[in-house]
Amino acid sequence: MSDTIENFGHSILQHGKEGNRIYLMKFDTSDEKSLLEHMDALALKENYTKIVAKIPGTAKASFEAQGYQQEAMMPSYYNRHQDCVMMCKYLSEDRAKKKNESKINNIIASVQEKAGEPPAALPKAWRLRRLTPSDAPAIAQVYQTVFKSYPFPIFDENYLLETMADNIQYYGVFTNDGLVAVASSETDPEHFNSEMTDFAVLPTYRGQQLALHLLIELEKQMKQQDYRLLYTIARSLSFGMNSTFAKAGYQYGGTLFNNTQIAGSIESMNIWHKEL
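It should be emphasised that the depicted structure is a prediction, and the values quoted were computed from it without experimental measurement.

(A) Seen up close, the overall build of the chain. Scanning the chain for helices and strands turns up eight helices and 13 strands. Compactness check: the chain gives a C-alpha radius of gyration of 18 Å against a globular reference of 19 Å for 276 residues, within 12% of the reference. Classification of the 276 residues of the chain by burial places 51% in the buried group. In the chain, of all internal contacts separated by at least 6 residues, the share reaching a separation of at least 24 is 64%. When the accessible surface of the chain is summed, it comes to about 12600 Å², and 48% of that surface belongs to carbon and sulfur atoms.

(B) Broad picture of the packing of helix 5 (residues 136-146) against helix 6 (residues 157-165). One can describe the packing of helix 5 onto helix 6 by two numbers: an axis separation of 9 Å at closest approach and a directional angle of 115 degrees. Crossing of helix 5 over helix 6 shows right-handed handedness. For the pair helix 5 and helix 6, the contacting residues are Ala136, Pro137, Ile139, Ala140 and Tyr143 in the first and Glu157, Leu160, Leu161 and Met164 in the second. When grouped by side-chain class, the residues that make up the contact of helix 5 with helix 6 number eight nonpolar, no polar and one charged.

(C) Representation of the layout of surface pockets. Space inside the second largest pocket adds up to approximately 170 Å³. Those elements giving two or more residues to the lining of the second largest pocket turn out to be helix 3 (93-96) and strand 13 (265-275). The element contributing the most residues to the lining of the second largest pocket is strand 13, with three residues. Looking at the lining of the second largest pocket residue by residue, the class counts come to two nonpolar, four polar and four charged.

(D) Quick look at the side chain of serine 194. Structurally, serine 194 is set in strand 10 (residues 193-201). Here serine 185 takes part through its side chain, which lies 2.5 Å from a polar atom of the side chain of serine 194. Apart from the residues lying within four places of it in its own chain, the contact partners of serine 194 are Ser185, Glu186, Thr187, Met222, Tyr227, Leu229, Leu230 and Tyr231.

(E) Inspection of the pairing of strand 3 (residues 21-26) at higher detail. The element strand 3 is largely enclosed, with a buried count of five among its six residues. In the sheet, strand 2 (residues 11-16) pairs with strand 3 via five bridges, with the strands oriented antiparallel. Note that in strand 3 the partner of glycine 16 across the bridge is arginine 21. Counting the residues between successive antiparallel strands, the hairpin from strand 2 to strand 3 contains four residues, one of them, asparagine 20, with a positive phi of roughly 55 degrees. The pairing of strand 3 with strand 4 (residues 50-56) spans four bridges and is classified as parallel. Pairing of arginine 21 across the sheet is with lysine 50, part of strand 4. For the crossover that starts at strand 3, traverses helix 1 (residues 32-46) and ends in the parallel strand 4, the hand is right-handed.

(F) Quick peek at the environment of alanine 136. Secondary-structure assignment places alanine 136 in helix 5. Excluding its chain neighbours within four sequence positions, the residues that come into contact with alanine 136 are Glu157, Leu160 and Leu161.

(G) Up close: the nonpolar core. Of all hydrophobic cores here, the largest spans 67 residues; its most connected members are Ile139, Tyr143, Tyr170, Met196 and Phe199. Once you skip the residues sitting within four places of it in the chain, phenylalanine 199 turns out to touch Phe147, Val182, Ala183, Ala211, Leu214, Leu215, Leu218, Met241 and Phe245.

(H) Molecular detail of the side chain of serine 76. Take serine 76: it is sitting in strand 5 (residues 69-78). In this structure, serine 76 is in contact with His81, Gln82, Asp83, Leu229 and Glu275, ignoring residues within four places of it in sequence.

(I) Inspection of helix 5 at higher detail. Residues of helix 5 that are buried include every one of Ala136, Ile139, Ala140, Val142 and Tyr143, and no others. Axial view of helix 5: buried residues confined to an arc of 160 degrees, hence all on one face. For helix 5, the secondary structure elements touched by its buried residues are helix 6, strand 8 (168-175), strand 9 (178-188) and strand 10.

(J) Highlighting the pairing of strand 4. The element strand 4 is largely enclosed, with a buried count of seven among its seven residues. Of the two faces of strand 4, the one carrying Lys50, Val52, Lys54 and Pro56 and the one carrying Ile51, Ala53 and Ile55 are both buried. Here strand 4 runs beside strand 6 (residues 82-90); their pairing, made up of seven bridges, is antiparallel. Each residue of the ladder has a partner; that of proline 56, found in strand 6, is cysteine 84.

Rules used throughout
- Residues numbered from 1 in each chain as written.
- Predicted model: local features only at pLDDT ≥ 70, side-chain atom pairs only at ≥ 80, totals over all residues.
- Heavy atoms only, no water.
- Helix = DSSP H or I, 4+ residues; strand = E, 2+ residues; numbered from the N terminus.
- Rg over C-alpha atoms; globule rule 2.2 N^0.38 Å.
- Buried < 20%, exposed > 50% of the residue type's maximum accessible area, 1.4 Å probe, protein only.
- Contact = heavy atoms within 4.5 Å.
- Areas by Shrake-Rupley, 256 points an atom, 1.4 Å probe, with all protein chains shown as cover.
- Axes fitted to C-alpha atoms, helices over the stretch in contact; angles between N-to-C directions.
- Left-handed = near helix turned anticlockwise from the far one by under 90°.
- Nonpolar A, V, L, I, M, F, W, Y, C, P; charged D, E, K, R; others polar.
- 1 Å grid on protein atoms, 1.4 Å probe; cavity = no way out; pocket = protein on both sides within 12 Å on 5 of 7 lines; lining within 4 Å.
- Points joined across faces, edges and corners; volume = space filled by probe spheres on them.
- Polar contact = N/O pair within 3.5 Å; in protein donor to acceptor, adjacent residues only side chain to side chain.
- Pairing = 2+ DSSP bridges.
- Right-handed = clockwise from strand over helix to strand, strands pointing away.
- Core = buried A, V, L, I, M, F, W, Y, C linked by side-chain atoms within 4.5 Å.
- Arc of directions from axis to C-beta.

This is how it looks when you write it as structure tokens:
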């Protein structure tokens, strides 16, 4: 079951039982006081164990006063000049434990040594292109094959079509077997930033740097469209995905511990960012 996405004033929240959390996806300062109260009440009602908020740095003190702490940061996120901070509030001792912290730190240190490594060229018969509505069934099939579960309904063709028509640009790699790798750019044209996300490579095609090829193409397209801050929220224990972003020159921005329900369990996530 996918999480609920709902409006609160001019802000947007995502919440649900699988991730057992509230995620403030979009924050409007006009909602600040009532929103903080609403999230506390919602968490209490639903027994959620974490609240995570993506907010401008100017609002950090207000959230800290309500028991939030900073876990990550992205520079120049809002309109190229205002930083974004990821603030969290833990509502259970178990959720607050930083599990696998040393392993996560070792992965971060290791992948940072790979910064700037380019990928080998794709085989000539393979194609990388932007995906269209006619590709929706194939996209859904790739996601269903790769992920046991996901915080957004990416297995649903209608969801893919809706987001494709709105603010998400999908790209994929094709071989003689059809679509074998997918990634997307979730654009925020209001603030000139975009999230590089939803990377999925079929198991038989892993190890060929297809995620890096997709990331490089997404960057190229975003730069042409005048986006200036790109970022991702990557699974912290995935050496491959963290390495992909390090190789592409992204900077580590912090770890969101015990944050996201993905592939059947709640995982910690690393923030990586890059200014174009």
